[in-house]
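Given next are the chains, with one letter for each unit.
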Amino acid sequence: MHLFEALVVLHVIAGATGLIAFWVPIAARKGGPAHRKWGRIGTYAFLAAGTLAVLMALLSLYGPEQRLPMITDRVLFAGLFGWMMLYLGTLTIGFAIYGLAVVRHRANRAALRGLRYQVMFGAVIASALWCGYFGLSIGQPLMAAVATVGLAAVATQQFYVWRASPPPRAHVPEHFRALLGMGISAYTAFLSVGLIRLVPDHVFNPLIWAVPSIIGIGLIIRFTLGARPARRGQPGQAHKQEA
Amino acid sequence: MGEWIGNNIGIIEMAFTGAVVLGLCAWQYWQVRDAGKPPKD
């Protein structure tokens, strides 16, 4: 078995684990044992899948030319399966690390300003900027548009990390926005690259690409509104949300 | 105003992300649809 095929197998195993485990913390009581246990399993599985995606992207960029020799447009191949995959893998890793870190350091946000996390933010920004630039330079504005999503995510994450006085329990929406964003990224990859092999005629079906984002963003907005501090005199839902 | 933006930045980010993703899907839909049409004279 070639190295790339071995990476694909490991990527599928890790990704499938994450795709299944992802739903348990969403359905379980927030902060309960099942939420934390399965949330960790899903997040570590996606971390592994994202790391393997980065390795596969690097192999596509710098590996032997004979991989998929039938593809003649090598520049487009490098753009989509190299730089954009590298960026999306990095973004998934960034979401996973940040989503766990905001809970771990909820009482000490200054820890998120440390070198380890700032290097991670820098890696996401650098990969997004290069993906966008490369996309524009080869006439693929789609790559630039996808890159803006990651840049917006890092901007809001950095806003939370560096703002002077966030409202109480502000880490809760940060936590589920990052980890649901990780799930959106993974499910989009699964539907558009994995499952699509069963129904290849639908490879350009926009619904395939839109469904994970519609469901994920809907869940994020619902949880964000639910986690807001209650107005005076009203019993709030904020107390129910414990990450 | 600044405080409102700060407290709702997550919703703003999601609205932006949703607009980008749905915009891309719409763009993709028109690309595929137009690709199947015969060229105009």
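Presented here is an overview of the structure given in this document. (Residues numbered from 1 in each chain as written. Chains lettered and ligands numbered in written order. Predicted model: local features only at pLDDT ≥ 70, side-chain atom pairs only at ≥ 80, totals over all residues. Heavy atoms only, no water.)

### Looking at the overall build of chain A
Here is the rule we go by: Secondary structure is summarised from DSSP: a helix means a run of H or I of at least four residues, a strand means a run of E of at least two, and numbering begins at the N terminus for each. Only protein chains enter the accessibility calculation, which uses a 1.4 Å probe; a residue whose area is less than 20% of its type maximum is buried, one above 50% is exposed, and one in between is partly exposed. Two residues qualify as a contact provided that any one of their heavy atoms is within 4.5 Å of a heavy atom in the partner residue. To measure how exposed things are, a 1.4 Å probe is used in the Shrake-Rupley method; for residues, cover is taken only from the protein chains shown. In this charge count, Lys and Arg are treated as positive and Asp and Glu as negative; neither His nor the chain ends contribute. Here the site of a charge means NZ on Lys, CZ on Arg, CG on Asp, or CD on Glu.
Summing up its helical and strand segments, chain A has 8 helices and 0 strands in all. Reading the secondary structure of chain A in the N-to-C direction produces α-α-α-α-α-α-α-α. For chain A, the spread of C-alpha atoms along the principal axes amounts to about 65 × 35 × 30 Å. Here chain A holds 243 residues, and 49% of them are scored as buried. If you take every contact in chain A between residues at least 6 apart in sequence, the share linking residues at least 24 apart comes to 69%. Surface summary for chain A: the accessible area is close to 12,800 Å², and the carbon and sulfur share equals 69%. For chain A, the distance from the average site of its 21 positive side-chain charges to the average site of its 6 negative ones is 23 Å.

### Some remarks on helix α5 (residues 115–137) of chain A
Residues and elements named next belong to chain A. Condition: Expected helix span is taken as 1.5 Å per residue step, with the number of steps being one fewer than the number of residues.
Look at α5: 32 Å from first C-alpha to last across 23 residues, which is about the 33 Å you get at 1.5 Å a residue. By the burial criterion, the buried members of α5 are Y117, Q118, M120, F121, V124, S127, A128, C131, G132, F134 and G135. For α5, the elements touching its buried residues are α4 (74–104) and α6 (141–162).

### Focus: the nonpolar core
The cut-off we apply is this: To form a nonpolar core, buried Ala, Val, Leu, Ile, Met, Phe, Trp, Tyr and Cys residues must be joined to one another through side-chain atoms within 4.5 Å.
Y98, L112, F121, Y160 and L180 of chain A are the most contacted members of the largest nonpolar core, which has 56 residues in total. Taken together, the elements giving at least two residues each to this core come down to α3 (33–62), α4, α5, α6, α7 (171–194) and α8 (206–226) of chain A together with α2 (9–35) of chain B. Here this core takes 13 residues from α4 of chain A, the largest share from any one element. The contact partners of Y160 of chain A, leaving out residues within four places of it in the chain, are Y98, V102, R109, L112, P166, A170, H171 and E174 of chain A.

### Some details on the interface of chain A and chain B
Condition: Two parts placed together each lose some accessible area under a 1.4 Å probe, and adding up what both lose gives the buried area. In the sections that follow, a salt bridge refers to a side-chain nitrogen of Lys or Arg positioned within 4 Å of a carboxyl oxygen of Asp or Glu.
On the chain B side, the residues contacting the 26 residues of chain A number 20 residues. Around 1,900 Å² of area is buried between chain A and chain B when both sides are counted, 76% of it from carbon and sulfur atoms. Of all residues in chain A, the largest losses of buried area upon contact with chain B belong to V149, P206 and I217 of chain A, amounting jointly to 22% of the total for that side. Put simply, chain A and chain B have 1 salt bridge between them.

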